[in-house]
Amino acid sequence: MKRVVILTGAGISAESGISTFRDSDGLWEQYRVEDVATPEGYAKDKALVLDFYNQRRRQLATVEPNEGHKQLVRLEQYYDVQIITQNVDNLHEQAGSKNVLHLHGELTKARSERNDDLIVDIGYNDIHLGDKAPDGAQLRPHIVWFGEAVPNIEPAAALCEQADFFVVVGTSMNVYPAAGLIHYVPRTSPCYLVDPKAVTISRNIKVIQEKAGTGVKKVVDELIELCNK
Ligand code: OAD
């Protein structure tokens, strides 16, 4: 089976009702990144940061995967599909995708402040000040904040090196190292981009300038047709 690697960002979850970050109505228009998505912000005001992610988690409990997520599941009948997502929601998993690698963490998990490898499932529950990990340390969101290492970038790069096709959906390609993953994809492997806005990418790429709900289906239809040839 040929491999399709898909890099997704906030845009694929927009039609489910989750805000993106950098659009005009995006989260970074309402909150300062430094306050809620950096280790320094957390050190300054833990309650504020916990509350920010508690709100995101509560919202996640109320939304569902959309057509964009669902179309990617259809592709698994034809290809080895590997999803690399910058999203901290679980909508790919809810839709039924088997292989999902989270680059920036997961809302439904928390970890020890003292030990990055001590990760616990919390479902849709809030994290409060005083909630402890099994090692007795305060629980923090299992989220990669700006200025922190991205532990899954190496397995992600390895997946990209073995991509026969590469598809980018709903990311402004502003945040590294995620945005650099495309450079690991072999030059001979066709690339697609689904986004309603023009996103600048320094490589030959077929652009479907549409929302994920309609655009992903077009890419999936084309890939299935190629597979059947
Ligand atoms: P951005 O908010 O930067 O970009 C969202 C992209 O989705 C934009 O290019 C939009 O045009 C596009 N978009 C909007 N609606 C769409 C739709 N219906 N269908 C498809 N695309 C749509 O979000 P990301 O690129 O995901 O990190 O941001 C990357 C990282 O920056 C996030 O993971 C987060 C953030 O700060 C952390 O919090 C660590």
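Below is a summary of the structure that appears in this document. Every value quoted in this text rests on a predicted model; they were computed, and no experiment measured them.

What counts, and at which threshold
Residues numbered from 1 in each chain as written. Predicted model: local features only at pLDDT ≥ 70, side-chain atom pairs only at ≥ 80, totals over all residues. Heavy atoms only, no water. Near = heavy atom within 4 Å. Polar contact = N/O pair within 3.5 Å; in protein donor to acceptor, adjacent residues only side chain to side chain. Areas by Shrake-Rupley, 256 points an atom, 1.4 Å probe, with all protein chains shown as cover. Domains from an automatic or database assignment. Helix = DSSP H or I, 4+ residues; strand = E, 2+ residues; numbered from the N terminus. Expected span 1.5 Å × (residues − 1). Buried < 20%, exposed > 50% of the residue type's maximum accessible area, 1.4 Å probe, protein only. Pairing = 2+ DSSP bridges. Axes fitted to C-alpha atoms, helices over the stretch in contact; angles between N-to-C directions. Contact = heavy atoms within 4.5 Å. Salt bridge = Lys/Arg side-chain N within 4 Å of Asp/Glu carboxyl O.

### Comments concerning the site of the ligand
Within the structure, the ligand sits among 24 residues, and Phe 21, Arg 22, Thr 171, Ser 172 and Asp 195 are positioned closest to it. Residue Phe 21 places a main-chain N or O atom 2.7 Å away from an oxygen atom belonging to the ligand. Within the side chain of Thr 171, an N or O atom sits 2.7 Å from an oxygen atom of the ligand. Burial of the ligand by the protein amounts to 94% of the accessible area it has alone, namely 800 Å². When residues of the shell around the ligand are assigned to domains, at least three fall in each of domain 1 (1-17 + 65-104 + 150-229) and domain 2 (19-62 + 109-143).

### Remarks on helix H9 (residues 212-228)
With 17 residues, H9 should cover 24 Å at 1.5 Å per step; its first-to-last C-alpha distance of 24 Å lies within 8% of that length. Three or more residues of H9 are buried, namely Ala 212, Gly 213, Gly 215, Val 216, Val 219, Val 220, Leu 223 and Ile 224.

### Re the pairing of strand E8 (residues 191-194)
In E8, alternate side chains face the same way, and those of Cys 191 and Leu 193 on one face and Tyr 192 and Val 194 on the other are all buried. Looking at chain direction, strand E7 (residues 165-169) and E8 are connected through 4 bridges and run parallel. Paired with Phe 166 across the bridge in E8 is Cys 191. Strand direction decides the pairing type here: E8 and strand E9 (residues 206-208), joined by 3 bridges, are parallel.

### A short note on the sheet that holds E9
Taken in spatial order, the 6 strands make up an open sheet running E3-E2-E1-E7-E8-E9, and their pairing is parallel. Two strands close off the open sheet at either side, each with one partner strand: strand E3 (100-102) and E9. The average undirected angle you get between the axes of adjacent strands in this sheet is 20 degrees. Relative to the sheet, H9 contacts strand E1 (3-8), E7, E8 and E9, its axis offset from that of E8 by approximately 160 degrees.

### Details of the pairing of strand E6 (residues 139-143)
Each regular strand displays side chains that alternate between the two surfaces of the sheet. Counting buried positions along E6 gives 5 out of 5 residues, so the element sits mostly inside the fold. As paired strands, strand E4 (residues 105-112) and E6 are joined by 4 bridges and run antiparallel to one another. Of the residues in E6, the one forming a bridge with Gly 105 is Ile 143.

### Comments concerning unusual backbone geometry
Here the amide bond leading from Tyr 176 into Pro 177 is cis, since omega sits at 10 degrees, within 30 degrees of zero. Position of Pro 177 among the secondary structure elements: in the loop between E7 and E8. If you check the backbone angles, Met 173 has positive phi at about 55 degrees while not being a glycine. Relative to the helices and strands, Met 173 is located in the loop between E7 and E8.

### Describing the pattern of salt bridges
With the rule as written, the count across this model stands at 13 salt bridges. In this structure, Asp 221 and Arg 74 form a salt bridge, with 2.6 Å as the shortest nitrogen-oxygen distance. One end of the pair, Asp 221, is in helix H9; the other, Arg 74, is in helix H6 (residues 67-74), with 147 residues separating them in the sequence. We classify Asp 221 as partly exposed; its relative accessible area is 29%.

Read these as layout, nothing more, since geometry by itself doesn't imply function.
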